[in-house]
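Here is how the chains run, residue by residue.
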Amino acid sequence: MKKILLSTFIIISFVLYSIIHNKPANILPSNPSVGGSMMNNNMPQGSMMTYKDGVYTGDSADAYYGIVQVKAIITGGKISDIVFLQVPSDLGHTNEVTQYATPILKQEAIQVQSTHVDIVSGATDTSQAFIQSLSSALKQAQI
Amino acid sequence: MKKTWLQMGMPITLEIVDKNSSENDFLLVKSYFSYIDKTFSTYKKNSEISKINSGKLNKENYSSDMKKIFKIAEETKKITDGYFDIRKNSFLDPSGIVKGWAIYNASKILKKRGFKNFYIDIGGDIEVVGKNNSKKWKIGIRNPFNRGENIKILSLSNNGVATSGTSIRGQHIYNPHQPESTIKDVISLTVIGPNIYEADRFATAAFAMGKSGINFIEKFEGFEGYMIDSNGIATFTSNFGKFVD
């Protein structure tokens, strides 16, 4: 699960980088004769991603349970290393929460409904506790 | 026939739509809940659970229903990573699981007697069976900010619905992972499940998880949830819409 998240953030960071630098995010097999300066013409046909050599810092990404930021090192047009600059600080908690990490769920503002209903579901009124407490208080008050 | 009465410290409503119901059927359900109260009420000094809590009963003398409840509590604790826990410090309180389980058992009693269309509601935890004169049962989710209003209408048949939440008298859900904290942010969590026994235990556990509780419900096939936060914003599971009227 962690690996999937890691890969996702790497991809997100690269996409963000590409958008910021006005270059297309090249994630499909591409024709090396098209595209100009970003392509390394020595790359074999059908390679998935080709990049300019260098060290690139991705944007900070909000991973719901913390901030993730990576730095990618490109050598020979390929990713040679990835360095974590920021990780969610409490890794134990991270493990616990990633169990429940899901696609973002839909939200809405609650709205009063006027339709007739047969039954209502709401949180219980613990009236028993009230009765208990009141009767013990009244016991003390007895003459 | 429909009756409402007070028992186990809560309002109970039983409505049987089938034509052949009688007083006896209602009495049967009442006496079952009386037994449940006598066994599991932590407010009764001489209940079995109170005797266990005061050290007056040994494990080998536990009733078979008590053993069953403890077993269910242990299983639920595992599935929910400890968020469902009947042990509060050194005190055992299984009420978070007994209510739904008792309603479910009562519904089985009525089904055995041949009834196919009825509902049982104990303080907002509901088991609906069959239909209400050929129409699915219409259930409102109470507005946690205004008791007189509903903020969602559900259309259900053969399901259980439970709502965990804070009451105006204060927080009554206990988070076993942070015993000192009170549950903030989430005001109300409604869970729909295949029956009230399942819905109840998951609603209790998920509520204790705070805002990630709704993600926990999302994980489970056959369960849908509707969570309301302190700002009046609801978050709901992917297939919750199929239960909305």
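Attention in this report is confined to the structure presented alongside it. (Residues numbered from 1 in each chain as written. Chains lettered and ligands numbered in written order. Predicted model: local features only at pLDDT ≥ 70, side-chain atom pairs only at ≥ 80, totals over all residues. Heavy atoms only, no water.)

Our focus in this paragraph is the overall build of chain A. Helices and strands together make up the secondary structure of chain A, namely three helices and six strands. Along chain A, helices and strands appear, N-terminal first, in the series α-β-β-β-β-α-β-β-α. Put simply, chain A has 143 residues, and 28% of those count as buried. Here the analysis covers contacts within chain A between residues at least 6 apart in sequence; of these, 29% occur between residues at least 24 apart. (Helix = DSSP H or I, 4+ residues; strand = E, 2+ residues; numbered from the N terminus. Buried < 20%, exposed > 50% of the residue type's maximum accessible area, 1.4 Å probe, protein only. Contact = heavy atoms within 4.5 Å.)

Attention now moves to the overall build of chain B. Counting its regular elements, chain B contains six helices and 12 strands. Taken across its 245 residues, chain B has 58% of its residues classed as buried. Counted over contacts in chain B with a minimum sequence separation of 6, partners at least 24 positions apart contribute 58%.

The next point concerns helix α5 (residues 196-208) of chain B. Compared with the 18 Å implied by 1.5 Å per residue over 13 residues, the 18 Å span of α5(B) between its first and last C-alpha is a close match. Most of α5(B) is tucked away, with 13 of its 13 residues classed as buried. (Expected span 1.5 Å × (residues − 1).)

Residues and elements named next belong to chain B. If you walk through the whole model with that rule in mind, you get 11 salt bridges over all chains. The partner of Asp125 in a salt bridge is Lys99, and the shortest N-O contact between them spans 3.3 Å. Of the two residues, Asp125 sits in strand β6 (residues 125-129) while Lys99 sits in helix α4 (residues 95-112), which places them 26 residues apart along the sequence. A residue is classified by how much of its surface remains accessible, and Asp125, at 2% relative accessible area, is buried. (Salt bridge = Lys/Arg side-chain N within 4 Å of Asp/Glu carboxyl O.)

Here the focus is the interface of chain B and chain A. Taken residue by residue, the interface counts 54 residues in chain B and 31 residues in chain A. Interface area, chain B with chain A, both sides summed: about 3,900 Å², of which 53% is carbon and sulfur. The tally of links between chain B and chain A comes to one salt bridge. Residue B:Lys152 is joined to A:Glu108 by a salt bridge in which the shortest nitrogen-to-oxygen separation is 2.9 Å. Between the two partners, chain B and chain A, sit 15 residue pairs in polar contact (both at pLDDT 80 or more). At seven residues, the largest contribution of residues to the side of chain B that touches chain A is made by strand β7 (residues 137-143) of chain B. Looking at side-chain class alone, the side of chain B that touches chain A contains 23 nonpolar, 19 polar and 12 charged residues. Two strands pair when backbone bridges link them, and strand β6 (residues 119-121) of chain A and β7(B) are joined in this way by three bridges, in the parallel orientation. The partner of A:Ser121 across the bridge, within β7(B), is B:Ile141. (Buried area = accessible area lost by both parts, 1.4 Å probe. Polar contact = N/O pair within 3.5 Å; in protein donor to acceptor, adjacent residues only side chain to side chain. Nonpolar A, V, L, I, M, F, W, Y, C, P; charged D, E, K, R; others polar. Pairing = 2+ DSSP bridges.)

Quick look at the packing of aromatic side chains now. Residue and element names in this part refer to chain B. Applying the stated criterion across every chain yields a total of 14 aromatic pairs over all chains. When the ring of Tyr226 is compared with that of Phe240, the centres are 5.0 Å apart and the planes differ by 25 degrees; the resulting orientation is stacked. Note that Tyr226 is positioned in strand β11 (residues 224-229) and Phe240 in the segment after β12 (233-236), a separation of 14 residues in sequence. Looking at Phe240, the relative accessible area reads 1%, which means it is buried. Aromatic rings pair up to connect Phe202, Phe216, Phe220 and Phe223 into one cluster. Above the ring of Phe26, the side-chain terminus of Lys3 is found at 5.6 Å from the ring centroid. (Phe/Tyr/Trp six-rings, centres within 6.5 Å; stacked < 30°, edge-to-face > 60°. Lys NZ or Arg CZ within 6 Å of the ring centre and 35° of its normal.)

Bringing the nonpolar core into the picture now. Residues and elements named next belong to chain B. Formed by 56 residues in total, the largest nonpolar core has its most connected members in Phe33 and Ile120. A per-element tally of this core places α5 first, with nine residues. If we skip the residues at most four places from it in the chain, Phe33 touches Trp5, Gln7, Met8, Ile12, Ala102, Ile103, Ala106, Ile120 and Ile122. Of all hydrophobic cores here, the second largest spans 20 residues; its members include Tyr119, Leu154, Ile228 and Phe243. (Core = buried A, V, L, I, M, F, W, Y, C linked by side-chain atoms within 4.5 Å.)

With that settled, consider the sheet that holds β11(B). Strand order in the open sheet formed by nine strands is β5(A)-β12(B)-β11(B)-β10(B)-β9(B)-β6(B)-β5(B)-β2(B)-β1(B), and the pairing between neighbours is antiparallel. Single-partner strands in this sheet number two, and they are β5 (106-109) of chain A together with β1 (2-7) of chain B. Strand-to-strand, the axes of this sheet are offset by a mean angle of 15 degrees, without reference to chain direction. Here β11(B) pairs with β12(B) via three bridges, running antiparallel. Bridge pairing in β12(B) links B:Tyr226 to B:Phe236. Sitting on the sheet, α5(B) is in contact with β6, β9 (159-165) and β10 (186-193) of chain B, with an inclination near 25 degrees to β9(B). (Axes fitted to C-alpha atoms, helices over the stretch in contact; angles between N-to-C directions.)

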